[in-house]
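Letter by letter, the chains look like this.
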Amino acid sequence: MTPEPKAPIRVLIVRDAKPVREVRIEPRRIVRLGASLFVAAWLVPAVVLGAMTWKARHERATLEANVAALTKQATALSTNIAELERYAGLATTTPNEGGPGAPTAPEGADLGDATGSFLADLGARFTSVASLVKTRVADSRGTPSGTPVPDARLSSSFGWRANPFTGEGAEWHAGLDFPAPVGTPVLATADGVVDQVGVNGGYGLAVVVRNARGYSTIFGHLQSAAVKAGDAVARGDTVGRVGSGGRSTGPHVHYEVRRDGRPVNPSQVKVPAPSTNSSSR
């Protein structure tokens, strides 16, 4: 037996106390509308929540991948710094042998704090190595090396020699002599600061440069100077030009190296190697 359909719901629209319009609504439509609203009330938030969850998982996966990449780079950087420390004599262990690796946090600790501590340690180690390298580079560049006139022949060496004017007797020669045409550029053999410029007895016009590790260099018998006292010079800079002033037998530059005020043989000056302890002199 087929159930009889339910009577429609009558809605009377009234204006100014007078019926205007009558609307009939089937009960099944109300049920369908209610069901649709109910489904929408649950489905829309579920879709939104699902999308937010997927985005969060995607962002987390991306973050984890970035953290893994940064951890790998940090570990490689730590290894490289450890190698530099060993090479520089700041550490005796080889990379990955007792040195810090990737940042890890103990159970219950914050990984961010562990990472911050790890990076701070890397920064301190890098600063230490960089400081030592800068010091050694300064020592190396500030140590006299080479000759003031490239490719010039040596006419008089360091030590005892015959008197260059008479050829008789012996006299002490505190430097090296390099003959060259008048006006030939004379080059600094190390980084330093010009200490003196002027006529200095038998040296004639001379330039004195104060270098690193107690060294100083003297360039004598100059025709002219290209620097003045207080100027900073680098190895290879022109400090003057070849002349023949002072006690000289002809155009040449007298090149002299002193350490702590005492003349030393320029050809025997040792330039510190990168692995040499910077505290030694």
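Fair warning: this is a prediction, and the values are worked out from it, not measured in the lab. Per chain, residues are indexed from 1 in the order of the written sequence. Two thresholds apply to this predicted model, a pLDDT of at least 70 for residue-level local features and 80 or more for giving and counting side-chain atom pairs, whereas whole-chain, interface and lining totals are computed over all residues. Excluded from the side-chain calculation are hydrogens and water; included are all heavy atoms of the structure.

(A) Region of the structure containing the overall build of the protein. Labels follow the DSSP assignment, with helices taken as runs of H or I lasting at least four residues and strands as runs of E lasting at least two, numbered in each case from the N terminus. When helices and strands are tallied, the protein shows two helices and 14 strands. Each residue's exposure class comes from its accessible area (1.4 Å probe, protein chains only) as a fraction of the maximum for that residue type: buried when under 20%, exposed when over 50%, partly exposed otherwise. The burial tally for the protein puts 27% of its 281 residues in the buried class. Contact criterion: two residues are considered in contact whenever any of their non-hydrogen atoms come within 4.5 Å of each other. Of the contacts formed within the protein by residues at least 6 apart in sequence, a portion of 58% connects residues at least 24 apart. A 1.4 Å probe and the Shrake-Rupley method give the accessible areas. Residues count as covered only by the protein chains that appear here. Surface exposure of the protein reaches about 18100 Å², of which carbon and sulfur atoms provide 58%.

(B) Summary view of the environment of E256. Mapped onto the elements of the fold, E256 is located in strand 13 (residues 252-259). Taking the relative accessible area as the measure of exposure, E256 reaches 0% and is therefore buried. With 81 residues separating them in the primary sequence, E256 and G175 have C-alpha atoms 4.3 Å apart. Any pair of N or O atoms that falls within 3.5 Å is considered a polar contact. Within protein, one atom must be able to donate a hydrogen and the other to accept it, and sequence-neighbouring residues count only if both atoms are side-chain atoms. Among the polar contacts made by the side chain of E256, one reaches the side chain of Y203 at a distance of 2.8 Å.

(C) Summary view of the nonpolar core. In this structure, V186, V207, F219, L222, V233, V239 and V253 are the most contacted members of the largest nonpolar core, which totals 21 residues. Listing elements by their share of this core, those giving two or more residues are strand 5 (176-179), strand 8 (205-210), strand 9 (215-220), strand 12 (238-242) and strand 13. Leave out the neighbours within four places in its chain, and V239 touches V186, A188, V207, F219, A225, A226, V227 and V233. Note on terminology: a nonpolar core comprises buried Ala, Val, Leu, Ile, Met, Phe, Trp, Tyr and Cys residues joined through side-chain atoms within 4.5 Å.

(D) Here's a closer look at the pairing of strand 13. For strand 13, a buried count of seven out of eight residues is recorded, marking the element as mostly surrounded by other parts of the structure. The rule for pairing is simple: two strands pair if DSSP sees at least two bridges between them. Of the pairings in the sheet, the one linking strand 5 to strand 13 comprises four bridges and is antiparallel in character. From the neighbouring strand, L176 faces strand 13, where its bridge partner is Y255. In this structure, the hairpin formed by strand 13 and strand 14 (residues 262-264) is closed by a connection of two residues, where D260 is found at a positive phi of approximately 55 degrees.

(E) Here's a closer look at a nonpolar patch on the surface. Put simply, a patch holds well-exposed residues, over 30% relative accessible area, that have no salt bridge, with like charges counted together within 9 Å and Val, Leu, Ile, Met, Phe, Trp or Tyr side chains within 5 Å. Any Lys or Arg side-chain nitrogen found within 4 Å of a carboxyl oxygen on Asp or Glu counts as a salt bridge. A cluster of nonpolar side chains, contributed by F38, V39, W42, L43 and V47, occupies part of the molecular surface with about 570 Å² of accessible area. Topologically, L43 is positioned in helix 1 (residues 27-88).

(F) Structural view of the packing of aromatic side chains. Stacked, edge-to-face and tilted are the three classes for Phe, Tyr and Trp ring pairs, Trp counted by its six-membered ring, which pair at centre distances within 6.5 Å; planes under 30 degrees apart are stacked, over 60 edge-to-face, the rest tilted. Taken as a whole, this structure holds three aromatic pairs when the rule is applied. For the pair F158 and W172, a centre-to-centre distance of 5.2 Å together with 80 degrees between the ring planes defines the contact as edge-to-face. Linking F158 in the loop between helix 2 (111-141) and strand 3 (159-162) with W172 in strand 4 (residues 170-173), this pair joins segments that are 14 residues apart in sequence. Aromatic ring contacts, followed pair by pair, group F158, W160 and W172 into a single cluster.

(G) Structural context of the pairing of strand 4. Burial of the side chains of strand 4 is restricted to one face: E171 and H173 are buried, whereas none of A170 and W172 on the reverse face is. Across four bridges, strand 3 lies against strand 4 in antiparallel orientation. Across the sheet, the residue bridging to G159 is H173, located in strand 4.

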